[in-house]
Amino acid sequence: MRLTKFVAGSAAILVGALALSGCSAGSSDSADGKVTLTMWHNSTTGDGKKYWDDTAAAFEKANPNVTVEIQSVQNEEMDGKLQTALNSGDAPDIFMARGGGKLADVVKAGQAMDLTSGLTDATKTAVGNSLSAFEIDGKNYGVPTAVLPSGFFYSSDLLTQAGITDTPKTIDDLEAADEKLKAAGIAPIAVGAKDAWPAAHWYYNFALRACSQDVLNEAATSRNFDDDCWLKAGENLESFIKTEPFNDGFLTTAAQQGAGSSAGLIANKQAAMELMGAWDPGVIASLTPDEKPLADLKWFPFPEVPGGDGEAGAMMGGVDGFTCWVNAPKECVDFLNFTAEKANQEAYATAFQTLPASTEAQSSVTDPALKDVLAAYNDAPYVSVWLDTLYGQNVGNALNVAVVDMFAGKGDAQSIVDAVNAAAAKS
Amino acid sequence: MAVLREETHTEEAARGSRRPAGGGASALPPAVPSPRARSHWPKRAELLLLIGPALLVFLAFVILPVVLAAYYGFFSWSGYGAATDFVGLRNYITILTDPAFLEALSHNAFIVVMSLVLQGPLALGIALLLNRKLRFQSLIRVLIFVPYVISEVVVGLGWSLMLQSNGALNGLLEKVGLGGLATDWLSDPSAAIWTLLVIITWKYVGFAVILFLAGLQGIPDEITEAARIDGASYWQVQRYIVLPLMGPTVRIWAFLSIIGSLQLFDLVWIVWGQYVAGTAGTSTMATYMVANGRNSGSYGYGNAVAVVIFLISLVVALLYQRFILRRDSAVTTTGGAH
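Note that the structure is a prediction, hence the values are computed from the model and not measured.

For any two helices packed against each other, the geometry comes down to the angle between their axes and how far apart the axes lie. All names here are of chain B. Orientation of helix H6 (residues 99-130) relative to helix H10 (residues 189-217), taken along the N-to-C sense of each, is 45°, at an axis distance of 7 Å. If you check the angle between H6 and H10, you find them oblique. Seen from above, H6 lies across H10 with right-handed handedness. Of the residues belonging to the contact of H6 with H10, the class tally is 20 nonpolar, 4 polar and no charged.

Our focus in this paragraph is the domain arrangement of chain A. Residues and elements named next belong to chain A. One can read the domain layout of chain A as domain 1 (32-148 + 318-383) and domain 2 (150-316 + 385-426). For domain 1 versus domain 2, the distance between C-alpha centres works out to 26 Å. Of the residues lining the interface, 33 residues belong to domain 1; the matching set on domain 2 comes to 28 residues. Elements with a contribution of two residues or more to the side of domain 1 that touches domain 2: helix H2 (46-62), helix H3 (75-88), helix H4 (100-108), strand S10 (315-324) and helix H15 (368-379). Tallying contributions element by element places H15 first for the side of domain 1 that touches domain 2, with 8 residues. Residues of the side of domain 1 that touches domain 2, tallied by class, amount to 16 nonpolar, 9 polar and 8 charged.

Residue and element names in this part refer to chain A. Neither face of strand S3 (residues 94-97) is exposed, since Ile94 and Met96 on one face and Phe95 and Ala97 on the opposite face are all buried. Sheet analysis places strand S1 (residues 35-41) next to S3, joined by 2 bridges and oriented parallel. The residue of S3 that forms the bridge with Met39 is Ile94. Where S3 lies against S10, 4 bridges are found, and the strand directions are antiparallel. For Ala97, the partnering residue across the bridge sits in S10 and is Gly321.

So, on to the environment of A:Gly260. Within the secondary structure, A:Gly260 is located in the loop between helix H10 (228-241) and helix H11 (262-267). Given 21 C-beta atoms within 10 Å, A:Gly260 falls into the buried group. On a C-alpha basis, the gap between A:Gly260 and A:Gly192 in space is 9.5 Å, while along the polypeptide they are 68 residues apart. Residues within four places of A:Gly260 in sequence aside, it is in contact with A:Thr253 and B:Gln164.

Quick notes on the rules
Residues numbered from 1 in each chain as written. Chains lettered and ligands numbered in written order. Predicted model: local features only at pLDDT ≥ 70, side-chain atom pairs only at ≥ 80, totals over all residues. Axes fitted to C-alpha atoms, helices over the stretch in contact; angles between N-to-C directions. Helix = DSSP H or I, 4+ residues; strand = E, 2+ residues; numbered from the N terminus. Parallel < 35°, antiparallel > 145°, perpendicular 65-115°, else oblique. Left-handed = near helix turned anticlockwise from the far one by under 90°. Nonpolar A, V, L, I, M, F, W, Y, C, P; charged D, E, K, R; others polar. Domains from an automatic or database assignment. Contact = placed C-beta atoms within 7 Å. Buried ≥ 20, exposed ≤ 12 C-beta atoms within 10 Å, placed from the backbone. Pairing = 2+ DSSP bridges.

Set out below in structure tokens:
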């Protein structure tokens, strides 16, 4: 008797467990035509988070059979979490992507949906060139929401206070400005090296100046740093680091979490400038004492470095966008088309205080710093994707860590090249 | 740990099998096959029911992952789909020749030794102190144990905030006129590993104290009283009676501490983040594994690192069993026989 009960009980638990796992195993079209889309994005607070909630609600209103389930994932957790989810076969239908080698890895594994035929002409026209970041072997795998070129965001009050009248045009100008700021008792440049990528952005920008566009792109397939310009970029960065331009304790400074982060230091006028992507005004605004945009925030492009193969005015930056999982319902691409609509892109630009991917929505940019970014972006001969994104997770991670080592005085230009070339062995 | 338990089992089994051969069994009337002995099935079914689920869970969540990790360690695998790119021992060769891994290993070794050296005497001292009648005794006990109970994430965040170069500790040093001592506690490679040791000691000394207190309370009062009547001083009692009797407890604590130090991950990860631990000189084998496995999307390589960590821990555990813990089991066995 007891045994029968036990077996029956176990069977009941097993059935229950199966039912539960059935519930959580992604989402798909069900018999009654109801569709659930799950979506992962990286805005955990404030207006950005609200934007996605509102946009999802608007999409649900226009498509009554669709429910959008939104989950916000902390940015530094996104890559690892997404990979685990994709590998488990229970991935979100819509997930954040930034193109380049990282997306190529996902596509190669057959985990991203080919959107080529699903994208409307309106979407293609609106986002224009930035769509190419999501193109792999002639097919499209994502829709951009923002273009995020990098440059220096700075507090103009602090620069004025230090007696700097013109923004630095060359790297020598920048070093001179740093000295003036230091003399005025102001930390010149904040960098969140704890997160590695903010430090690595320095190397990317020096590489952008030292290497030609072809060399940058060729490395995306060879994933090898053989050209001499990579060494040159490292040497330039090393000699710049030797001038000690960064905030105290930059190795344990995070990028954008809390008042002690590099963005927090700018927001609270503890440091004068930082090299960052165009999402920075939004992040800084969330960290000012009154959580309002920093009134004197301005922008200038990465200075020219003489003697390199990079074209003057070229920019390093990223494209944020979204990709559909290969097993996502077909409504996924409708949602992406929806996000590219003018009104939604304008709302996006306002909520995130950044540059929208849609050229039609770019007129909604009013922030003076962002207007300067936009002008430089439209004039740039070319814009390279962040090198860690371009070269994929394996090489990208090794590159970022090697740059942090250089910041700590632990390695030189050659060790960055070696780390990248050795990364392939660990893949 | 598993090995430890296993040995205890065999020991019990040995003792158990000895018992019927001794007086106990022969004193019983001649064996008549009981109804129970005739059919083994209900007994077996009961065993299967009781052990089965636990065994299944153990196999599925402990043994299988270890086997799978060993399997994936032979592949270059980015984590998506099936692993197909067989690379033989390449991952293992890369690991054992990677200076970053060897550095991490040396940090682990340093932490193993220094944890024993710092925490052992400290905990023993505190335990001896708390074993006497003291005012606020239970309050002090609780306070010493609190850090062990707080989650690693909270501890890591708290300490990292205090120790930042513009944090509370440097602020305090400057305020009391010791500004010259202020340093970058977290990222200066000559200071960082000591900072880590301070945090580890603060966090885990409470656990050692509790273990030692339990050990102290297991020492019968009669023995210490007898010694005192014979004219032994307090220190003589501690040195010649209490400490030797504490041996088994100390040896078990040291075992747990060594294994914990070898697998140290969370505190380093929280305080130094995903990237800086190697630069600051506080990386451990486990942080190396996550940085070069999961974060790099190199899951085959990460699995190989996991296997290396497993083997190192296993060898250390076995050696410790063989040469140090064996004394304790030998003592118990002979003690039981007499």
